[in-house]
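Residue strings, one per chain:
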Amino acid sequence: MASRLKSSGSPTVVYLYGVTAKLAAFSNLVGVDGRAKVEPMDCAGLVCWISLVSRTEFADNLAKNMENLDWLSEAGVRHQRVVSAISELVDVLPARFGTVFLDASSLKADVRAKKKILLDDLRRIQACDEWGVKVFSVPPKAQMAASKPGTGRDYLKTKAALLRRPSAGVPVEGLKAFSAALRRISTEMSDGGRISAGQRGLQMQFSLLLKRANRKKLEATLKKYSDRWADSGRIECTGPWPPYSFVSGTPTEGNN
């Protein structure tokens, strides 16, 4: 266990990756700064996965550093790698990127206060992964074929016009049926909130908390609706991921 964390006046702070119910064996797992080793720390009978990082970089100047896209990209990937490595061996409640505590005592106090919620979350996500599912409308190919442009210029003009025209996509009834099918096989499901205008043709997005034993059911459901929507919709599925979207009680002191 990490026993070096004592002074809140230290030039380092405690960076949290996640919380588990039990230990897992790792060798040389490097943390978010690319230098410090990731360590387990006992917190009220639970295991917090932490590393010691620069207080200046990850607390005092965190907001400024997060505006630096190069820094954010590198640190974010390292954070995700650590959480993913832990999740391959044991169920983990992942902490959001940039969750830091000034010392070990503040982290332990936060975990003690939230222990009931943490235990409930750990039971809820047991043997589960998170999956992301999106449905996109597809361009109206039949209209393109029916137009029969005479020249290359005509073809490009017709194609550009069709791309600007919103596709009808998957009917609402079909989207509702797909959503219901996903809910039947999922432990939990949350919608993606406000659809981003930057994702052209996006009709629906979900995050699923899925038992690993139900992965084949997910694959079968995706194939069924992909085949059904061959001319109107495209399904995009990503995962498995640690259950970032289904955690309610991880410690969240942040850079206080």
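It should be noted that the structure appears before, not after, this text.
Below is a summary of the structure that appears in this document.

Calculation criteria
- Residues numbered from 1 in each chain as written.
- Predicted model: local features only at pLDDT ≥ 70, side-chain atom pairs only at ≥ 80, totals over all residues.
- Heavy atoms only, no water.
- Helix = DSSP H or I, 4+ residues; strand = E, 2+ residues; numbered from the N terminus.
- Expected span 1.5 Å × (residues − 1).
- Buried < 20%, exposed > 50% of the residue type's maximum accessible area, 1.4 Å probe, protein only.
- Contact = heavy atoms within 4.5 Å.
- Polar contact = N/O pair within 3.5 Å; in protein donor to acceptor, adjacent residues only side chain to side chain.
- Salt bridge = Lys/Arg side-chain N within 4 Å of Asp/Glu carboxyl O.
- Bend = angle between axes of the 7 residues up to and from the residue.

**So, helix 3 (residues 69-87)**
Helical geometry note: an α-helix holds 3.6 residues per turn, so side chains three or four residues apart project in the same direction. In this model, helix 3 (19 residues) spans 26 Å end to end at C-alpha, consistent with the 27 Å of a helix rising 1.5 Å per residue. Among the residues of helix 3, those classed as buried are Trp71, Ala75, Gly76, His79, Val82, Val83, Ala85 and Ile86. Contact partners of the buried residues in helix 3: strand 1 (12-20), strand 3 (46-54), helix 1 (55-60), helix 2 (62-65) and strand 4 (92-94). Of the residues flanking the start of helix 3, the one acting as N-cap is Asn68, its side-chain oxygen 3.1 Å from the backbone nitrogen of Asp70.

**Concerning the pattern of salt bridges**
Here the structure, examined in full by the defined rule, presents 14 salt bridges. For Lys223, the salt bridge is made with Asp227, and the minimal N-O distance between the two is 2.8 Å. Within this pair, Lys223 and its partner Asp227 are both found in helix 8 (residues 215-228), separated by 4 residues, close to a single helical turn. Accessibility expressed as a relative area gives 54% for Lys223, which makes it exposed.

**Quick look at helix 4 (residues 104-124)**
Its axis deflected by about 70° at Lys114, helix 4 carries its strongest bend there. What helix 4 keeps buried is the set Ala104, Ser106, Leu107, Asp110, Val111, Leu118, Asp121 and Leu122. Contact partners of the buried residues in helix 4: strand 1, strand 2 (39-43), strand 3, strand 4 and strand 5 (100-101).

Purely geometric stuff here, so don't read any function into it on its own.
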